[in-house]
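# Fold and geometry: a report
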Amino acid sequence: MQNVSAAVLNFSQAKKPRGDYLTAPFDPRFPNANQTRNCYQNYLDYHRCTKALAAKGKDTKLCDWYRKVYKSLCPISWVKNWDEQREEGTFPGKI
């Protein structure tokens, strides 16, 4: 029993580095279980961020947080569809 307690204690003390997560953190703008809007908003935010920073000649690495979030929330088929629409100039979102 003591070994189990020690293992639980060690596990609870182990913290992941900041930003290293398997799924997106809680976002108070999207409190409901349906995360469709959260997915879409982070996709837009990522591309807006990269566009704005690239225009200023700055490093777009700061935008990677949005990419990690939308990659963890959005179905791959949606992202592929949106990427194709952006390339064709038919994407409905305002980037």
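Residues numbered from 1 in each chain as written. Predicted model: local features only at pLDDT ≥ 70, side-chain atom pairs only at ≥ 80, totals over all residues. Heavy atoms only, no water.

An unreviewed UniProt entry annotates the protein chain as Cytochrome c oxidase subunit originating from Eublepharis macularius. What the UniProt record of the protein chain gives under Sequence similarities (unreviewed entry) is the line "Belongs to the cytochrome c oxidase subunit 6B." Its UniProt record, at the heading Subcellular location (unreviewed entry), says of the protein chain: "Mitochondrion". (UniProt positions renumbered as here; feature names shortened; annotations may be inferred.)

### What to know about the overall build of the protein chain
Along the backbone of the protein chain there are four helices and zero strands. The linear arrangement of helices and strands in the protein chain, starting from the amino end, is α-α-α-α. Within the protein chain, the proportion of its 95 residues that are buried is 26%. When the accessible surface of the protein chain is summed, it comes to about 7400 Å², and 55% of that surface belongs to carbon and sulfur atoms. (Helix = DSSP H or I, 4+ residues; strand = E, 2+ residues; numbered from the N terminus. Buried < 20%, exposed > 50% of the residue type's maximum accessible area, 1.4 Å probe, protein only. Areas by Shrake-Rupley, 256 points an atom, 1.4 Å probe, with all protein chains shown as cover.)

### Re the state of the cysteines
Any covalent bond linking the sulfur atoms of two cysteines counts as a disulfide. Under the definition given, this model contains two disulfides. In this model Cys 39 forms its disulfide with Cys 74; the gap between the sulfur atoms is 1.9 Å. The disulfide joining Cys 39 to Cys 74 has a torsion of about 120° about its S-S bond and is therefore right-handed. With Cys 39 in helix α2 (residues 36–55) and Cys 74 in the loop between α3 (64–73) and α4 (76–88), this residue pair connects regions lying 35 residues apart in the sequence. With respect to burial, Cys 39 and Cys 74 carry one shared label: buried. Cysteine pairing in the protein chain follows 1-4, 2-3, where each cysteine in a disulfide is numbered by its order in the sequence. (Disulfide = S-S within 2.5 Å.)

### Notes on α4
End to end, α4 covers 18 Å across 13 residues, agreeing with the expected 18 Å (1.5 Å per residue, within 8%). Those residues of α4 that are buried are in contact with α2 and α3. Backbone geometry just after α4 places Gly 89 at a positive phi near 80°. (Expected span 1.5 Å × (residues − 1). Contact = heavy atoms within 4.5 Å.)

### Things to note about the packing of α2 against α3
Packed helix pairs are characterised by how far apart their axes lie and by the angle those axes make with each other. Between α2 and α3, the shortest axis-to-axis distance is 8 Å and the interhelical angle comes to 150°. Between α2 and α3, the crossing angle belongs to the class labelled roughly antiparallel. Taken as a pair, α2 and α3 cross one another with a handedness that is left-handed. On α3, the residues that touch Asn 38, Cys 39, Asn 42, Tyr 43, Asp 45, Tyr 46, His 47 and Cys 49 of α2 are Asp 64, Trp 65, Tyr 66, Arg 67, Val 69, Tyr 70 and Leu 73. (Axes fitted to C-alpha atoms, helices over the stretch in contact; angles between N-to-C directions. Parallel < 35°, antiparallel > 145°, perpendicular 65-115°, else oblique. Left-handed = near helix turned anticlockwise from the far one by under 90°.)

### So, the environment of Arg 86
Checked against the element boundaries, Arg 86 lands in helix α4. Among residues more than four places away in sequence, those in contact with Arg 86 are Tyr 43, His 47, Phe 91 and Ile 95.

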